[in-house]
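Notes for the structure review
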Amino acid sequence: MFIAGNNSPVKNTSYKVVLPFYGYAALSFLIATILILTNTSAFTQHYFNPHTLAITHTMALGWGTMIILGASHQLFPVMIEGKLHSNLLAYLSFIFAAIGIPLLVFAFYGFNMGWVAKAGSILINLAVISYLTNLWLSIYHSKSRNVHAVFAFTAVLWLFITTLLGFLLVWNFTSNFLSKSSIDFLSLHAHLGIIGWFLLMIIGVGSRLIPMFLISKYENKKRLWLVYSLINAGLVSFIFMFFLSVKVDLYFIPIVLIALGVILFGNHIYWSFAKRIRKKVDEQVKISMLSVALTMVPIIVLITIIILLSTVNSLQLVLLYGFTIFFGWITTIILGMTFKTLPFIIWNKVYSKIAGLGKTPNPKELFSNTIFIASGVAYLIGFIIFGLGIIQTNVLFLNIGAIFLLITAVLYNFNVFKILFHKVK
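Residues numbered from 1 in each chain as written. Predicted model: local features only at pLDDT ≥ 70, side-chain atom pairs only at ≥ 80, totals over all residues. Heavy atoms only, no water.

A closer look at the environment of A233
One can find A233 in helix α7 (residues 221–244). Judged by relative accessible area, A233 falls into the partly exposed class, the value being 36%. For the pair A233 and G261, spaced 28 residues apart in sequence, the C-alpha to C-alpha distance is 10.0 Å. (Helix = DSSP H or I, 4+ residues; strand = E, 2+ residues; numbered from the N terminus. Buried < 20%, exposed > 50% of the residue type's maximum accessible area, 1.4 Å probe, protein only.)

What follows is the structure, given as structure tokens:
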């Protein structure tokens, strides 16, 4: 997989760097589902309220961002056929983020934009700067450039812009130095992160990992470069339109550009699947491929919001839009890819030195596949029911859906920590 061989120019990143991110992300997912279950009424209110802000940032930073940071520290050297520049910078990115995220979430939950929120935003930006510097120096010292690495590095640039804007918005709550209120900048802040950070990074990593796990011979770099161009063009055009305060209808332009990029990426994954050598596809890859399909769901919801904006109250659609992003598209790819990457990291840690001396388990035997399937079923039930609860403003549906999402997180954590604490058998 992405574990380099002895003769490879790639030097493996130490598992000590990578594993804390996985554990932290798993616990963040669990905390987010607990917050949802104890605050389901927040999803019947305006999307800008302290509890939904806290849950959103727990999912965006603690869950999605932390696990991507951890996995990419291991995967990026493979992309550039080199090595990670600095383990110290990797440790610093974890420490800064691990402290900063709970401070910011705590501040949002009580909606106190004082020193706790400001300290959290500063630490999160220091984490991103450490990560960005590490990747830049890794690329600088490597001899390889490819589309996957460009996707990943560009995504981190957008992440820095996102967290920097978030830092400014936190301070603007008390200082009012920006031209608009912090609330007015929320859509810009959110989409810089969703499109620039998550979408670009997931496409860059997914276009590398999914064909690898399928053992597919399909490759189309020109198509991936076109996907890269369309998504970045869509995001840049959105930024210009935001600051020019254009009519709502014109926002269809960036949406169409980004949607075309997503469709082409989906087509790329389809052909990777169609031309795969490994005919049997395991559940982890199936869930990851489902996430590719779910990428279109938020886009469809967003188009619906723009069409109905002048005719109906779109508040619930906005909540559904955010939910389908963080609990749909992002969560599905993490649920699948975790158990295709983490077991290999642990196997390499525990068994690489004794492989060949006796029988060792396969990486997939380090976690319970039954628990994995159960978590997938619980997730799909919870996602659908909670989504219906948002649309219908139905507290009963929201509570039932939240229970199933919590079950998903508990089962996910069980498997993750079963892998993390695996010992030689």
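Some details on the layout of surface pockets
The calculated volume of the second largest pocket comes to roughly 420 Å³. Forming the walls of the second largest pocket are 16 residues, and the residues nearest its centre are R278, D282, Q284, K340 and K364. For the lining of the second largest pocket, the secondary-structure elements that each account for two or more residues are α9 (283–294) and α11 (315–351). Broken down by element, the residue count for the lining of the second largest pocket peaks at four residues, all from α11. (1 Å grid on protein atoms, 1.4 Å probe; cavity = no way out; pocket = protein on both sides within 12 Å on 5 of 7 lines; lining within 4 Å. Points joined across faces, edges and corners; volume = space filled by probe spheres on them.)

Considering the confidence of the model for the protein chain
In the predicted model, the protein chain carries a mean pLDDT of 86, and the fraction of residues at 70 or more is 93%. Residue range residues 1–10 is modelled with pLDDT below 50. Its contacts to residues more than four positions away, or to other chains, number 23 contacts. (pLDDT = per-residue confidence, 0-100. Contact = heavy atoms within 4.5 Å.)

Examining the packing of helix α2 (residues 50–80) against helix α4 (residues 115–141)
The axes of two packed helices give the description: the angle between them and the distance between them. α4 packs onto α2 with a crossing angle of 15 degrees between their chain directions and a minimal axis gap of 11 Å. As far as their axial angle goes, α4 and α2 are roughly parallel. Once α2 is placed against α4, the crossing between them reads as left-handed. Residues L61, L69, S72, H73, F76 and I80 of α2 pack against I124, Y131, N134, L135, S138 and I139 of α4. For the contact of α2 with α4, the residue count by class is eight nonpolar, four polar and no charged. (Axes fitted to C-alpha atoms, helices over the stretch in contact; angles between N-to-C directions. Parallel < 35°, antiparallel > 145°, perpendicular 65-115°, else oblique. Left-handed = near helix turned anticlockwise from the far one by under 90°. Nonpolar A, V, L, I, M, F, W, Y, C, P; charged D, E, K, R; others polar.)

Concerning the packing of helix α1 (residues 15–38) against helix α3 (residues 87–110)
Packing of α1 against α3 leaves a shortest axis separation of 9 Å and a crossing angle of 10 degrees. With respect to their mutual orientation, α1 and α3 come out roughly parallel. Taking contact as the criterion, the partners of K16, V17, P20, F21, Y24 and L35 in α1 are, on α3, N87, A90, Y91, S93, F94, A97, A98, I101, P102 and Y109. A class-by-class count of the residues in the contact of α1 with α3 yields 13 nonpolar, two polar and one charged.

Digging into empty space enclosed by the protein
Applying the stated criterion across every chain yields a total of four cavities of 30 Å³ or more. Its boundaries defined by the atoms lining it, the largest cavity holds a volume of some 240 Å³. I68, A71, V205, I334 and M337 are, among the 16 residues lining the largest cavity, the residues nearest its centre. Elements with a contribution of two residues or more to the lining of the largest cavity: α2, α6 (186–214) and α11. Ranked by the residues each element gives to the lining of the largest cavity, the list is headed by α11, at six residues. The residue inventory of the lining of the largest cavity, partitioned by class, reads 12 nonpolar, four polar and no charged.

Side note on the pattern of salt bridges
Taken as a whole and judged by the stated rule, the model has one salt bridge. For the salt bridge of E219 with K221, the shortest nitrogen-to-oxygen distance reads 3.7 Å. Judged by its relative accessible area of 43%, K221 is partly exposed. (Salt bridge = Lys/Arg side-chain N within 4 Å of Asp/Glu carboxyl O.)

Digging into the environment of K280
Relative to the helices and strands, K280 is located in the loop between α8 (252–274) and α9. Note on K280: relative accessible area 73%, which makes it exposed. Counting along the chain gives 187 residues from K280 to S93, while the straight-line C-alpha distance between them is 38 Å.

Brief notes about unusual backbone geometry
We note that F111 has phi near 45 degrees; this positive angle belongs to a residue other than glycine. Here F111 is to be found in the loop between α3 and α4. Despite not being glycine, S245 has its phi angle at roughly 55 degrees, a positive value. Among the structural elements, S245 can be located in the loop between α7 and α8. Since its relative accessible area comes to 54%, S245 is described here as exposed.

Let's talk about the nonpolar core
Counting 136 residues, the largest nonpolar core has W197 and Y412 as its most contacted members. Examining the composition of this core, we find that 19 residues originate from one element, α11, more than from any other. Excluding residues within four positions of it along the chain, W197 makes contact with T65, I68, L69, Y131, A155, V156, W158, L159 and L192. (Core = buried A, V, L, I, M, F, W, Y, C linked by side-chain atoms within 4.5 Å.)

So, the side chain of H148
For H148, the position within the fold is in helix α5 (residues 147–175). Since its relative accessible area comes to 11%, H148 is described here as buried. Apart from residues no more than four positions distant in its own chain, H148 is found in contact with M79, G204, S207, R208 and L224.

A few points about the packing of aromatic side chains
Across all of its chains, the model carries 28 aromatic pairs by this definition. With 6.0 Å between their ring centres and 50 degrees between their planes, W197 and F198 make a pair best called tilted. For the pair W197 and F198, one class covers both residues: buried. With 5.3 Å between their ring centres and 20 degrees between their planes, F323 and F327 make a pair best called stacked. Here F323 pairs with F327, and both are found in helix α11, just four residues apart, close to one helical turn. A residue is classified by how much of its surface remains accessible, and F327, at 4% relative accessible area, is buried. Three or more aromatic residues link up through ring pairs in this structure, and these residues are F29, W63, F339, F367, F372 and Y412. A cation sits over an aromatic face here: K118 above W171, 4.4 Å from the ring centre. For the cation-ring pair, R276 lies above F273, with the distance from its terminal atom to the ring centre recorded as 3.9 Å. (Phe/Tyr/Trp six-rings, centres within 6.5 Å; stacked < 30°, edge-to-face > 60°. Lys NZ or Arg CZ within 6 Å of the ring centre and 35° of its normal.)

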